[in-house]
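Results of the structural survey
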Amino acid sequence: MNISIIGTGYVGLVSAACFAKLGNNVICLDIDEEKVKKINNSIPPIYEKNLEKILRENKNRIKATTDYKNTIEKTEITFICVGTPSNKDGSIDLSYVKKVSEQIGKYLKNKKKYHVVVVKSTVLPGTTQNIVLPIIEKNSGKKAGKDFGLGMNPEFLREGVAINDFLNPDRVVNGSYDEKTKKILKEIYKDFSCPIMETSLNAAEMIKYASNCFLAAKISYINEIGNMCKKLGIDTYDVAEGMGLDKRINRSFLNAGIGWGGSCFPKDTKALRAWAEKQKITSKMIDSTIKVNEKQPLQLITLLKKHIPKLENKKITVLGLSFKPETDDIRDTRAMPIINQLKKEKAQIKAYDPKATKNFKKIHPDIKYYENANDAIKDAEAVLITTEWDEFKKIDFSGKLVIDGRRLKNAEKTAETYEGVCW
Ligand code: NAD
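Only a predicted model underlies this, so the values are computations on that prediction, with no experimental measurement involved.

Quick word on the overall build of the protein
Scanning the protein for helices and strands turns up 17 helices and 14 strands. Over its C-alpha atoms the protein spans a radius of gyration of 23 Å, differing by no more than 12% from the 22 Å that the globule rule assigns to 423 residues. Expressed as a percentage of the 423 residues in the protein, the buried residues total 56%. Of the contacts formed within the protein by residues at least 6 apart in sequence, a portion of 69% connects residues at least 24 apart. Just so you have it, the protein exposes about 19800 Å², and 50% of that area is on carbon and sulfur atoms. Between the averaged position of the 72 positive side-chain charges in the protein and that of its 54 negative side-chain charges there is a distance of 3 Å.

What about the site of the ligand?
As a matter of local geometry, the ligand sits amid 27 residues, with Asp-30, Lys-35, Thr-84, Glu-159 and Lys-267 nearest to it. Protein burial of the ligand: of its 830 Å² of free accessible surface, 90% is covered by the chains. Secondary structure elements with two or more residues in the shell around the ligand: helix H1 (10-21) and helix H5 (95-108). In this structure, the shell around the ligand is formed jointly by two domains, domain 1 (2-199) and domain 2 (200-423), each of which donates at least three residues.

So, the sheet that holds strand E12 (residues 382-385)
Note: strands within a sheet are paired through backbone hydrogen bonds, in either parallel or antiparallel orientation. If you trace the six strands from one edge of the open sheet to the other, you get E11-E10-E9-E12-E13-E14, paired in parallel fashion. If you trace the sheet from one side to the other, it starts and ends with strand E11 (368-369) and strand E14 (417-420), each paired once. By the bridge criterion, four bridges tie strand E13 (residues 401-404) to E14 in an arrangement that is parallel. When the sheet's bridge partners are listed, Ile-403 is paired in E14 with Glu-419. Helix H13 (residues 298-307) rests against strand E9 (315-319), E12, E13 and E14 of the sheet, and its axis sits at about 160 degrees to E13.

Remarks on the domain arrangement of the protein
Structurally, the protein comprises domain 1 (2-199) and domain 2 (200-423). Using C-alpha coordinates to define each centre, domain 1 is positioned 31 Å away from domain 2. Counting residues at the interface gives 35 residues for domain 1, matched by 28 residues for domain 2. For the pair domain 1 and domain 2, the summed buried surface comes to about 2500 Å²; carbon and sulfur atoms form 61% of the total. Contact with domain 2 buries area across many residues of domain 1, yet Tyr-47, Pro-125 and Glu-159 alone supply 25% of it, more than any other trio. Run the count over domain 1 and domain 2 and you get one salt bridge. Notably, a salt bridge pairs Arg-331 with Glu-159, separated by 3.7 Å at the nearest N-O pair. Viewed at the interface, domain 2 and domain 1 are joined by 12 residue pairs in polar contact (both at pLDDT 80 or more). Counting residues per element, the ones that place at least two in the side of domain 1 that touches domain 2 are helix H6 (127-140), strand E6 (148-152), strand E7 (172-176) and strand E8 (196-199). When the residues that make up the side of domain 1 that touches domain 2 are grouped by side-chain class, the tally is 15 nonpolar, 14 polar and six charged.

Points about the packing of helix H9 (residues 201-232) against helix H10 (residues 236-244)
Closest axis-to-axis distance for the H9/H10 pair is 9 Å, and the angle between their directions is 135 degrees. Of the possible angle classes, the one that applies to H9 and H10 is oblique. With respect to the hand of their crossing, H9 and H10 are arranged in right-handed fashion. Contacts between H9 and H10 pair Tyr-221, Ile-222, Ile-225, Gly-226 and Cys-229 from the former with Thr-236, Val-239, Ala-240 and Met-243 from the latter. Looking at side-chain class alone, the contact of H9 with H10 contains seven nonpolar, two polar and no charged residues.

Here's the deal with the pairing of strand E10 (residues 348-352)
For E10, a buried count of four out of five residues is recorded, marking the element as mostly surrounded by other parts of the structure. Bridge count between E9 and E10: five bridges; the pairing is parallel. What sits directly across from Thr-317, in E10, is Lys-350. After leaving E9, the chain enters helix H14 (residues 335-344) and then returns to the sheet as E10, a path that is right-handed.

With respect to the pattern of salt bridges
Side chains that differ in sign of charge can pair as their charged atoms come close. What the rule picks out here adds up to 26 salt bridges. Among the ionic pairs, Glu-187 bridges to Lys-190, the shortest N-O distance being 3.7 Å. Put simply, Asp-287 and Lys-291 hold a salt bridge, and the shortest N to O gap is 2.8 Å. You can see Asp-287 and its partner Lys-291 sitting in helix H12 (residues 284-295), four residues apart, about one turn around the helix. Salt bridges sharing common partners tie together Glu-159, Asp-329 and Arg-331.

Looking at helix H2 (residues 33-40)
The backbone nitrogen of Glu-34 lies 3.1 Å from a side-chain oxygen of the residue at the head of H2, namely Asp-32. The first or second residue beyond H2 is Ser-42, which carries a positive phi of 60 degrees.

Section: the environment of Ile-308
On the secondary structure map, Ile-308 appears in the loop between H13 and E9. Each C-alpha atom of the pair Ile-308 and Ser-140 lies 64 Å from the other, and the pair is 168 residues apart in sequence.

Parameters and conventions
- Starting from 1, residues in each chain are numbered consecutively following that chain's sequence as written.
- Local features in this predicted model are restricted to residues whose pLDDT is 70 or higher, and side-chain atom pairs enter the listing and the counts only when it is 80 or higher, whereas totals over whole chains, interfaces and linings include all residues.
- Each side-chain value is derived from all of the structure's non-hydrogen atoms; neither hydrogens nor water enter the calculation.
- Helix and strand assignments follow DSSP, with helices taken as H or I runs no shorter than four residues and strands as E runs no shorter than two, numbered in order from the N terminus.
- The reference for a compact globule is 2.2 Å times residues^0.38; the radius of gyration itself is calculated from the C-alpha atoms.
- A simple rule labels every residue: compare its accessible area, found with a 1.4 Å probe on the protein chains alone, to the largest value its type can have, and call it buried under 20%, exposed over 50%, or partly exposed in between.
- Contacts are residue-level and defined by heavy atoms, with any inter-residue pair within 4.5 Å sufficient.
- Computed with the Shrake-Rupley method and a 1.4 Å probe, the accessible areas treat only the protein chains shown as cover for residues.
- Neither His nor the chain termini are counted; the positive set is Lys and Arg, and the negative set is Asp and Glu.
- Charged groups are reduced to one reference atom each: NZ for lysine, CZ for arginine, CG for aspartic acid, CD for glutamic acid.
- When we say a residue is near a molecule or strand, we mean one of its heavy atoms is within 4 Å of it.
- Start and end points for every domain follow an automatic or database-based domain assignment.
- By the convention used here, strands pair only if DSSP detects at least 2 bridges between them.
- Only the stretch in contact is used when a helix axis is fitted, and all axes are lines through C-alpha atoms; the angle between N-to-C directions ranges over 0 to 180 degrees.
- Buried area is a sum: the accessible area each of two parts loses on coming together, probed at 1.4 Å, counted once for each and added.
- Just to be clear on terms, a salt bridge is a Lys or Arg side-chain nitrogen sitting within 4 Å of an Asp or Glu carboxyl oxygen.
- Think of a polar contact as two N or O atoms within 3.5 Å of one another; within protein, one of them needs to be a possible hydrogen donor and the other a possible acceptor, and neighboring residues in sequence only count if both atoms come from side chains.
- Amino acid classes used here: Ala, Val, Leu, Ile, Met, Phe, Trp, Tyr, Cys and Pro are nonpolar; Asp, Glu, Lys and Arg are charged; the rest, including Gly, are polar.
- An angle below 35 degrees is read as roughly parallel, one above 145 as roughly antiparallel, one from 65 to 115 as roughly perpendicular, and any other as oblique.
- Left-handed describes a crossing whose near helix is turned anticlockwise from the far helix by less than a right angle; the clockwise case is right-handed.
- Here a crossover is taken to be right-handed if, once the strands point away from the viewer, the path from the first strand over the helix to the second is traced clockwise.

Here is the structure:
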């Protein structure tokens with residue numbers, strides 16, 4: 001099939017690479033010319049395991065461009081994969097989705113063949129039908145369901161293991177407005193062995209939000225239990241193990257620590273809460289999920305101050321700047337509020353991350369960054385562990401005070417003084 005992808009960030013580029021790997025021809029469109037150039041040279045603009053290899057192996061099936069006309073004309077289906085960030089008040093910013101819908105409409109105007117538009121970006125229930133559809137109709141002069149198709153196919157991949165998640169998902173959710181879209185989506189995912197759900201557009205949108213908010217709640221819940229366990233001298237990981245053996249609960253997402261970050265949970269929980277507030281529907285579970293998470297990283301500073309009450313001029317190393325391992329993404333990373341607080345208290349901050357230093361430097365150019373973890377911890381008076389990168393699991397922390405937000409067994413074993421945030 002000839003597929004186009006609009007927006008080649010984490011979701012767009014991974015989708016493009018995987019659709020090409022499955023034998024489709026893919027045109028990637030982005031407004032960022034630098035990204036387009038890189039993709040055409042098989043260089044991923046983001047770091048994601050195996051992405052470069054797939055781009056190289058499928059070079060003849062992946063083209064990147066900034067040209068909408070050619071993109072819409074030469075493909076049968078377009079996936080919208082642009083960002084849906086938060087506005088200042090936490091509500092969803094749909095400006096990119098609207099802009100892209102306008103452009104698609106404009107170039108659909110002169111297209112004779114049926115074209116299917118699928119929203120893959122995370123959008124609130126009602127967006128595809130009540131916002132994307134009328135914009136495309138207005139700009140194309142065409143009718144949804146008659147002249148063009150409309151679908152909503154949320155993406156559940158996790159950064160760091162995105163390729164594997166995309167190709168081997170737990171489920172695929174295909175929301176469609178019309179029968180032709182339902183058929184074409186079925187065809188695209190025909191080689192997937194997981195359950196494929198066919199739903200309405202609104203249900204597909206809600207499945208994504210409900211899933212993300214639930215997973216975020218699960219982490220906030222275990223962190224709240226973890227804070228209690230810390231006070232009681234109980235190992236929260238034993239508790240998580242015991243809970244997780246119950247099939248109704250399941251062990252995943254019960255790793256207590258300093259909370260969740262990234263490009264999805266923070267903005268999606270806030271967007272659903274803001275939407276519910278606007279509708280005058282209470283969202284206490286989601287609200288508490290967010291509030292617990294906002295406090296959790298600062299627990300690390302509270303524990304640090306138990307050992308070093310005055311942080312001014314103290315050399316503190318922060319290990320891990322990405323919001324999780326195997327990514328260079330720093331959006332809402334838990335390291336951010338920790339470093340902000342250390343700065344406020346005038347500590348001398350030393351930092352290391354295997355992939356995310358370049359991105360973090362743009363926001364905090366004035367802290368000292370290191371090329372490797374051992375140099376970063378060398379003369380530190382305390383080490384804070386904020387991301388569980390594999391390479392941190394081999395460090396010898398002898399002689400160090402370590403405050404661990406991510407449960408590194410080797411730190412517990414080798415550090416001179418060790419504190420876990422919830423254990
Ligand atoms: P991203 O910010 O990494 O990428 C968005 C891309 O869209 C950028 O390359 C940007 O240049 C491009 N873009 C913006 N405006 C454009 C326009 N008018 N025309 C063409 N391109 C344009 O975003 P992302 O992390 O890939 O997320 C995309 C969507 O997928 C979001 O709604 C997000 O919530 C959702 N999602 C993300 C993940 C994840 O792990 N990152 C997982 C599941 C779902």
